[in-house]
Structure formats: C-alpha cells, structure tokens
Amino acid sequence: MTRAPASGARPWALLWLALGLVAAAALHRFGPDVPVLLFTLPEWLAARLSEAGDRTLVLTRPSVLWLMPVALLPFLVAVARRSLVDLPGWQVALQFAARVLLLLALALALAAPSLQAPRRGKTVVVAVDVSASVDDGQLAAFTAVAREVVRLVKAETGDRDDRTRLRLVSYASRAQAVPLSEETGEVELSREPGGGLASDHAGALRLAEALLDPDTEGRVVLVSDGAASVAERTDLIAAAEGLRRRGVALHTRTAAPAARGDVLVAGVHLPGELRVGQTFDAAIDVWASGPRTLTLYVEKDGVPNPLSPSVEVTLRGGPQQIKVPVRANAAGPIVVAARLDAAELDAADNRSVDNDRAAAVGDVRGRPRVLLVGEGDPSGALARALRADHLQVDAEAASAIPAAPEGLQPYDLVILSDVPSRHVSGAQQQAIAKWVQDGGGFVMIGGESAFGVGGWGGSVLEDVLPVRFEGERQREQPTLALVLVIDKSGSMSSEDRLDLVKEAARSTASTLDPGDEIGVIAFDSRPVTLVRLQPAANRIRIAGDIRRLSAGGGTNALPALREAYMQLAGSKALVKHVILLSDGQSPEAGVSALITDMRDADITVSAVGVGAGAGKDFLARVAERGRGRYYFSQDGTDVPRIFSRETREVTRNAVVERDLFARVAKSAQVLRGIDFDRAPGLGGVIPLKVKPLAELLLRTHVGDPLLVRGRRGLGRTAAFASDAKPRWAHRWIGWDGFPKFWSQVARDLMRQGAASLGGASLRITPGADEGSFRAVVDLDASTGFVSDLRGELQVIDPSLPPGSEGHTTTLATQLTAPGRYEATVLGVRAGQRLIRAQMFDDGQTPPRLVAEATGQASVPYPSELAPDQLGADPAWLATLAPEGTHSGPIDAVVTTPGAPQGTRQRAVWPEVLWALALPLLILDLLLRRVAFGRARRGEIG
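Residues numbered from 1 in each chain as written. Predicted model: local features only at pLDDT ≥ 70, side-chain atom pairs only at ≥ 80, totals over all residues. Heavy atoms only, no water.

Peer 1: For the overall build of the protein, give the residues involved together with the corresponding values.
Peer 2: For the protein, the count of helices and strands is 21 helices and 42 strands. Expressed as a percentage of the 941 residues in the protein, the buried residues total 49%. Counting contacts in the protein only where the partners sit at least 6 residues apart, residues at least 24 apart contribute 74% of the total. Working note: accessible area of the protein is about 43,000 Å², and carbon and sulfur atoms make up 54% of it. (Helix = DSSP H or I, 4+ residues; strand = E, 2+ residues; numbered from the N terminus. Buried < 20%, exposed > 50% of the residue type's maximum accessible area, 1.4 Å probe, protein only. Contact = heavy atoms within 4.5 Å. Areas by Shrake-Rupley, 256 points an atom, 1.4 Å probe, with all protein chains shown as cover.)

So this is what it looks like as structure tokens:
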C-alpha cells in the first residue's frame with residue numbers, strides 16, 4: 001500500500017480546527033440564548049428509558065448540539081480529505097460519517113439530557129393518641145391502624161419517588177416521633193410515663209406537619225378517642241385549620257371505648273373567705289352516667305371530716321351537687337377532699353377510678369375581729385354570743401370609734417347596738433361609711449335609741465343601711481307634739497270637773513320632755529287657744545295659760561279639732577297626737593272628714609268622755625277613726641290618770657312594744673339551721689321601711705321588717721329592728737338559737753378579703769402549657785386605678801410540711817394594665833396549690849401591705865376524664881376536616897396516588913454514552929483498522 005507525502009497535512013488541519021473554534025466562540029458570544037428544549041419521546045423509547053414511561057426529554061444545555069459541530073466539523077473534514085490510509089473510498093466516507101455521529105452523540109450527552117415527569121410521591125403521618133383517656137382496647141385498635149398503614153406502605157412498588165414516605169407520631173401530654181424499623185416495620189405504642197395527664201392533639205398535628213416532605217403531598221391521619229378539654233379542643237381546631245391552609249389532608253379514625261359508664265367527683269368548691277371557727281358548706285359536684293347509690297367520703301386535711309365523714313348519695317344520673325358541713329379550726333391552708341366509693345361497681349359502669357376523687361384548698365384566716373359599740377347593756381349577752389363562735393370582740397363606747405377609715409382596718413365588722421346618733425360624731429360616721437364602701441361589714445341593732453328615734457334619720461349611716469326609718473327624727477326634732485282639746489261648756493262646771501281637767505293638763509305639760517311640744521285648745525260653740533303649740537320647756541307660762549280656762553257656752557268640737565289640726569300640721573315632731581275631752585253631745589257633721597285628713601297627716605286622736613251626758617258613741621268613733629284610744633270617766637276624778645297614761649302611750653308610738661315573733665321572709669344561708677318557729681317573742685321593734693334592692697330576711701308575725709340585709713359599695717350591711725339586750729330581747733337571750741343567730745349574721749356580713757384599696761380579686765385560669773396557670777390580680781380602688789404597687793404571689797403546696805423545700809414558692813407579678821397585675825405559675829401537674837397574692841406600697845417604710853387575695857389551682861385528674869369527655873366523639877372529630885375521611889378502611893388514604901407536587905428529573909446522559917457514543921466509537925475504530933474491499937491509490941481529492 002503506497003502512502004503519499006503528508007508534510008502539509010498537519011498545518012492545514014490545525015488551521016481548520018482554529019477556524020472552527022473561533023466560529024463556535026463567536027456564535028456562543030453573539031448568538032441568541034436558547035432556552036431549555038423539551039421533546040416528546042416515542043412510547044417504545046420512553047418505556048426503555050424509564051419504568052414509569054416518562055416521555056418528556058429535557059435538554060438543559062441545548063446550545064452544545066450546534067456549538068460542538070461548528071467547532072470540530074471543519075477539522076474532521078480536513079482530516080478526512082488529507083487522510084493517508086489506503087482504504088476504499090466508501091469506507092473512508094463511512095468512517096467520516098461515524099465520526100460525525102460520534103461527535104453529535106457526545107454533544108447530546110453534554111447537553112445534559114434528562115427525563116422529566118410529575119412527582120406523585122406522598123408523605124403519610126399517623127398521629128396516635130395514647131393518653132389516659134384511651135383504654136387498653138382502644139389502644140390496641142389504634143395500634144392496629146398504624147400497623148395496617150405500615151403494611152400498605154411496604155407493599156408498594158414503582159418508582160421510588162412516587163412511593164409513600166411514612167412517619168409515626170404518638171402523643172399524650174406531649175407529642176413525639178416514633179422510629180419505624182425499615183426491615184420489620186413493627187409498630188409498638190406505649191403510654192406516656194405518669195399516665196398522660198392531657199391530650200396535646202394540636203402539638204401532635206404540628207409535629208406531623210414538621211415531618212412532612214415538602215416535595216410530596218402531605219396526608220395526616222389523627223387516631224384518637226376525641227377526648228379533650230375546652231382549651232385542647234380550641235388548639236386542635238386551630239392546628240387543623242393550619243393544615244388545611246397548607247393543603248395537607250387530615251383524616252381521622254377512632255374506636256369505641258370498652259365501657260361508657262362512669263361515676264366521678266367533678267370538683268370541690270369552698271367559700272372564698274374562711275375564718276377560724278367558721279362552719280361552712282363544701283359544695284361537691286358529682287356526676288354519674290346512670291342512677292345508683294354510692295357513699296361519698298369527705299376528708300379534711302387528710303383525715304375524715306369530723307362533722308360529716310361520709311354521706312350516702314343517691315345519684316340520679318348526670319350532674320348534681322352535694323353540700324357537706326366543714327369546720328375551720330386553725331389558720332392556714334385547708335384541704336377538703338371528696339371520694340366516691342365505687343369499688344363495687346363493674347368496670348363497665350366506672351370507666352376510670354382516677355376521677356373518683358377531687359379536692360380543693362382554701363385559706364383559713366385568723367379570728368374575725370368585731371367592733372361592738374353599745375350602751376346600757378350590763379348583761380353583755382351579744383358579746384358573749386359572738387365570742388362563743390371564736391370571734392374576737394372589742395366592746396367599746398361610741399367615743400372609741402375611729403374618726404378615719406384607716407382606724408377601722410383591723411376590724412371585719414362594726415356593730416352599733418342601740419346607740420343614739422348624738423353619741424357618734426360626723427367624722428366617725430363618715431369613717432364607717434367609707435370603710436363599708438371599701439368592703440367592711442356594718443350592722444345597726446335597734447332599741448329605744450336606735451334608728452329614727454335615736455336621731456339617725458337623714459344621717460350618713462342611714463344612706464349606708466338597707467332601710468329607711470319610719471317617722472324619722474332629726475337631731476333638733478321633737479319626739480312628741482301633743483294638743484289637748486278640752487270641752488269648757490257650762491256642764492263642765494259641775495262637780496269640779498273643770499278644775500280636775502286643768503290639773504290634768506298642767507301635770508301633762510310637766511311630764512313631757514323639754515323638747516316635746518304641747519298646745520291647749522278650749523271650746524264651747526267656738527274654739528279658744530289657751531296655749532299655742534310650743535316646747536314643753538315653757539312650763540310656767542303654759543301652767544299660767546291653763547289656769548285661764550273657765551266654763552260656759554255650748555258644745556261643738558269640730559272647730560276646735562280643725563284648729564288642733566292646723567297647729568300640728570306645721571310641727572316637725574316625730575309623733576303628733578290630739579286628746580279630745582268632752583262631757584256633752586257635739587254635732588258630728590264634718591268631724592269624720594276632718595279625722596280622715598288628720599290621719600293622712602299622721603296625726604292620731606284619742607277621746608275622753610266625762611259623765612253620763614258625754615256623747616260616748618261619738619267619742620268612740622273619733623278615737624277609732626283617729627287611730628287612738630277611747631277612755632271614759634264617770635265623775636272626772638280619774639282624768640289626770642287618763643291624761644298621764646295617754647301621754648306615755650303616745651310617747652312610745654315611735655316604737656312598737658308588744659310580743660312579736662320572728663318569721664322567715666326569705667331563705668338564706670345566714671339563717672340556716674335556726675328554728676324560728678321555736679324562738680320566743682321579742683318585746684318590741686323600731687318601725688323600718690325596706691329600701692329597693694334590699695333583702696328582707698326576717699319579719700315579725702304581723703309583717704313588720706325585723707332583719708334586712710343589703711350592700712353598699714363592696715361592703716355588706718344589715719339592720720335588726722329589735723334589740724339584743726334584756727329590754728326587748730330578754731327571752732331571746734335565754735334561747736339556744738340566740739348565739740348561733742348572731743354569730744351567723746356576723747360572719748355573713750363581715751368583710752370579705754383584706755383589701756384596703758377597695759378590694760383585690762385573684763383569678764386563676766389554666767395556661768397554654770401543661771401544669772401552668774395564669775394568675776390575674778385586679779385592684780378595684782374608689783379613687784381610680786392603682787398601678788404603682790409591688791406584687792408577690794405565694795404558691796403554697798399544702799401536701800408538704802410548712803418550712804420544707806417546695807412548700808412555698810414566691811413569684812413576682814408584672815403590671816399588664818391599669819390596676820391589673822399578672823404572673824404565671826408553673827409545675828402544677830397534680831394536686832392542689834393555694835395561691836396568695838399580696839400587694840405592697842413601697843412608698844412607705846416599711847412597705848405596707850395594702851391588698852391581699854387568695855385563690856387555688858387544682859389538678860385532681862386528667863381533664864379528659866371529665867364527664868363531658870367520656871368516650872369517643874366521631875362526629876366532633878369529623879368537623880375538623882370535612883374533606884377528609886373519618887371511618888372505614890385506611891387503604892384509600894395510603895394507596896391513592898399523590899397529587900403532582902412539582903416535577904422530578906432523571907439524567908439520561910449515561911444512556912446516551914453507552915447506547916450511542918460507545919457503539920459509534922467502536923465502529924470508528926473498526927473502520928480505521930480493518931479494510932473492507934480494495935485499497936485506494938493516493939489521497940482523497
């Protein structure tokens with residue numbers, strides 16, 4: 001084989017290579033940008049390149065397809081034309097074609113070819129509830145659901161990107177991811193240590209959302225009994241809404257509990273204010289799914305309650321409340337626990353024994369302190385009655401009442417017992433009123449110097465009390481205005497009648513108090529005013545005017561009675577009274593109408609007839625219509641005695657003195673346990689009028705108000721119309737109900753709390769986290785918001801000995817709004833905590849405690865064991881995600897292909913290299929090394 005010289009071949013080939021490279025560089029620099037190219041492959045080719053049959057071919061760098069040929073094709077042409085091999089021409093041409101195809105195959109591989117298809121993978125997260133409300137049968141059913149999901153996922157085939165990613169979450173009070181074995185796929189679910197005191201459904205959904213593969217469709221399966229507290233349900237609804245907004249499908253599954261029956265103690269409630277020696281009712285809420293009779297055991301501070309250790313309770317089915325008496329014997333925390341004995345019930349009738357017991361803690365404060373102000377009671381019966389019930393009583397005179405509200409702060413109750421207003425100064429009255437407004441308790445007890453007859457009408461304390469005083473008497477107001485209307489007709493001159501009458505009139509004037517008023521009107525056919533209505537202190541002048549009385553003329557009482565009416569109408573006396581004396585017959589015309597007018601003006605009329613000629617029927621009718629009394633004297637000798645007796649009677653008209661028996665007008669806690677049907681009578685009362693909104697608790701058997709209770713600002717007040725000393729209550733003092741009545745009245749009225757700024761209230765609510773509680777202290781001051789105090793919160797664990805570690809924890813409060821202070825209590829996972837808020841004024845040295853309030857936090861058992869959380873609630877669970885599935889097999893949730901979530905690409909340049917480039921390279925080598933046919937002579941072209 002002859003070879004031609006090749007000395008000029010290399011320079012020409014290199015020149016063509018340089019020209020091709022320059023052309024390719026220019027085309028790349030100045031040519032248009034070519035985007036990604038997409039091609040649809042034939043089905044047969046797509047089936048060979050991809051199991052899923054993806055037909056879309058993507059060239060990421062399509063410009064390589066023409067840049068490489070432009071750069072290298074001139075060089076290949078030059079090499080082929082000047083080749084020195086002795087091969088047939090057709091073989092050289094075939095070799096050139098093979099090299100061009102190899103060049104194009106390499107260009108195709110460098111163009112980054114890939115197959116593109118929608119990504120249809122999905123992530124399924126199964127969240128399983130393992131809380132205390134889930135019984136063993138339900139837990140087994142929930143585990144079976146999780147195992148079925150694992151089995152379905154392991155059985156999947158196809159492209160790995162389209163397969164299901166599986167995650168498992170278990171939760172009770174907190175959620176956690178459960179690892180799955182890739183080999184066995186075995187699922188083992190265990191309960192949370194400690195029993196799982198809550199169901200953090202929302203936390204489980206949030207963890208499930210975090211475990212989702214963002215490049216796949218997300219599906220969450222919530223497997224739960226649906227039991228949750230109100231707060232947990234609220235959080236779950238919010239978490240489900242968050243999944244919906246993200247486009248994550250939520251499905252639920254549940255299982256019926258093994259038993260739906262239950263009995264439980266829903267809660268124990270104690271009064272907000274407890275004092276040493278106080279007997280109070282612990283209100284115990286119980287619940288049962290059906291009727292049954294059980295024993296309720298009650299403990300106080302860990303031992304059986306002495307007053308009522310157990311109660312047989314007939315449960316009707318549903319909620320009901322049982323009240324049990326408990327006595328507070330010592331200051332400090334008191335824990336009252338209640339337990340239903342359900343040992344004899346079948347498991348089907350009592351789903352959980354964990355909720356058969358509940359407890360509450362209260363704060364018992366020291367002995368209440370009472371300021372008792374009274375006069376004229378050497379017996380001390382009221383003070384003894386109060387002290388017998390462990391009340392600290394300071395019995396003082398009116399002069400000892402503080403003149404400023406601050407002086408009353410040590411006291412919880414102030415009692416004024418038959419004290420006249422003149423003994424209590426205006427400053428003292430103002431102090432009591434302000435102290436009551438800010439929360440103090442106040443009671444006024446009657447007597448001959450109390451209420452209206454004691455001059456309290458129109459006072460500051462009358463505004464405070466729940467009653468108005470009938471016939472109010474002002475400080476300068478006379479008690480009695482008395483007018484004597486005396487017949488001086490000629491018949492009065494016989495038997496020295498007129499002299500006896502004059503003596504009776506002078507004696508009457510002398511027996512009246514100096515501040516009372518008296519008038520004397522004589523009449524025959526017309527009236528003559530002997531003594532115009534004036535103070536009885538003018539005794540000498542009045543006696544002289546009465547001596548001028550002389551007999552003569554006829555008898556007509558009407559003008560004289562009208563004159564008496566005119567004079568009394570202008571008087572401000574508490575009691576207005578007329579005594580009419582006559583020994584003859586008087587015309588009746590007009591008298592009846594006049595008496596009616598006098599009665600409407602609260603003027604009473606009594607009548608005295610003298611001698612056989614007196615108009616007895618007329619005088620009796622006058623006395624009856626005038627609400628007075630009728631007397632008759634045969635010869636006038638007993639007229640002085642009659643006048644004296646009548647004067648005493650009308651002087652007592654401001655009070656009611658007779659046997660009066662107490663009757664219950666309204667049932668109330670303050671009257672509990674007192675049998676008033678067996679109570680003896682009281683000797684008298686002061687007439688009172690009940691104010692609107694006040695409570696009439698006791699009345700007399702004739703309807704007079706006896707005990708009236710009301711509110712004034714933050715304080716409570718009461719008025720007792722009779723007295724509490726031997727004058728009217730002499731039989732009550734010996735009655736066995738007397739001490740109990742007054743101790744219960746005192747405890748009912750005494751100050752609730754120790755807030756000197758108008759009241760402090762403490763509100764405890766569950767927090768967002770397990771075992772956390774939010775404490776809110778609100779200060780209510782009459783002068784406005786109080787925002788410059790330092791607050792402390794004492795959290796007391798009564799289950800620990802005082803002084804031990806953890807017994808008392810002190811937290812600082814933060815001002816969050818005007819007059820509002822807040823703090824967060826953590827770590828209350830079980831049991832009871834007494835929480836005491838104290839507010840200090842650091843502007844004083846030392847800092848002064850100005851407000852205090854107490855509350856409690858209790859976690860007796862998981863909230864999902866409450867009566868409203870018995871069993872599953874599929875209907876409620878279904879409302880979380882209406883678009884999801886909530887019953888039936890789980891297969892569709894797992895096996896349904898996922899919706900396209902973007903695209904996936906698989907590079908196919910390796911296939912291009914081994915399927916195209918490699919065969920072409922082998923062909924090129926074969927064509928260069930093996931001659932097929934006759935060799936050529938010389939060079940090509």
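Still more to cover.
Peer 1: Give me the lowdown on the side chain of Ser582, citing residues and values where you can.
Peer 2: Considering the arrangement of structural elements, one finds Ser582 in strand 26 (residues 575-582). Discounting residues that sit within four places of it in the chain, Ser582 has contacts with Asp487, Phe523, Thr555, Val608, Gly609, Val610, Ala614 and Leu619.

Peer 1: Now, about the environment of Leu800: what can you tell me, with residues and values included?
Peer 2: Note that Leu800 resides in the loop between strand 36 (790-796) and strand 37 (808-812). By relative accessible area, Leu800 is classed as partly exposed at 30%.

Peer 1: If you had to explain unusual backbone geometry to someone new, which residues and values would you point to?
Peer 2: Of note in this structure, Asp418 is not a glycine but carries a positive phi near 55°. Along the polypeptide, Asp418 turns up in the loop between strand 20 (413-417) and helix 9 (426-437). Positive phi is not limited to glycine here, since Leu693 has a value of about 75°. Relative to the helices and strands, Leu693 is located in the loop between strand 30 (688-690) and strand 31 (695-700). Residue classification places Leu693 among the exposed residues on the basis of a relative accessible area of 89%.

Peer 1: Could you give me a rundown of the sheet that holds strand 24 (residues 517-523), with the residues and numbers involved?
Peer 2: Within a sheet, neighbouring strands are paired by backbone hydrogen bonds and run either parallel or antiparallel to one another. Ordered in space as 25-24-23-26-27-28, the six strands form an open sheet in which the pairing is mixed. Edge positions in the open sheet fall to strand 25 (527-535) and strand 28 (630-633), since each of these has one partner strand only. Taken pair by pair, the neighbouring strands of this sheet meet at an average axis angle of 15°, ignoring direction. When strand 24 meets strand 25, the two strands line up antiparallel, connected through six bridges. Bridging from a neighbouring strand, Phe523 pairs with Pro527 of strand 25. Sheet strands touched by helix 15 (residues 616-625): strand 26, strand 27 (603-610) and strand 28. Its angle to strand 27, the strand with the most contacts, is close to 160°. (Pairing = 2+ DSSP bridges. Axes fitted to C-alpha atoms, helices over the stretch in contact; angles between N-to-C directions.)

Peer 1: Could you give an account of the pattern of salt bridges, naming the residues involved and the relevant values?
Peer 2: It is possible for side chains of opposite charge to pair when their charged atoms get near one another. Throughout the structure, instances matching the rule amount to 33 salt bridges. Linking Arg716 and Asp748 is a salt bridge whose minimum nitrogen-to-oxygen distance equals 3.6 Å. Residue Arg716 is located in strand 33 (residues 715-720), and its partner Asp748 is located in helix 18 (residues 737-749); the two are separated by 32 residues in the primary sequence. Since its relative accessible area comes to 18%, Arg716 is described here as buried. (Salt bridge = Lys/Arg side-chain N within 4 Å of Asp/Glu carboxyl O.)

Peer 1: Tell me what's going on with the UniProt feature "transmembrane region" (unreviewed entry) in the protein, and back it up with residues and numbers.
Peer 2: According to UniProt, the "transmembrane region" (unreviewed entry) feature falls on residues 63-80 and 92-112. As annotated, residues 63-80 has a helix share of 94% and a strand share of 0%, and its two end C-alpha atoms lie 26 Å apart. What you have in residues 92-112 is 90% helix and 0% strand, and the ends, taken at the C-alpha atoms, are 31 Å apart. (UniProt positions renumbered as here; feature names shortened; annotations may be inferred.)

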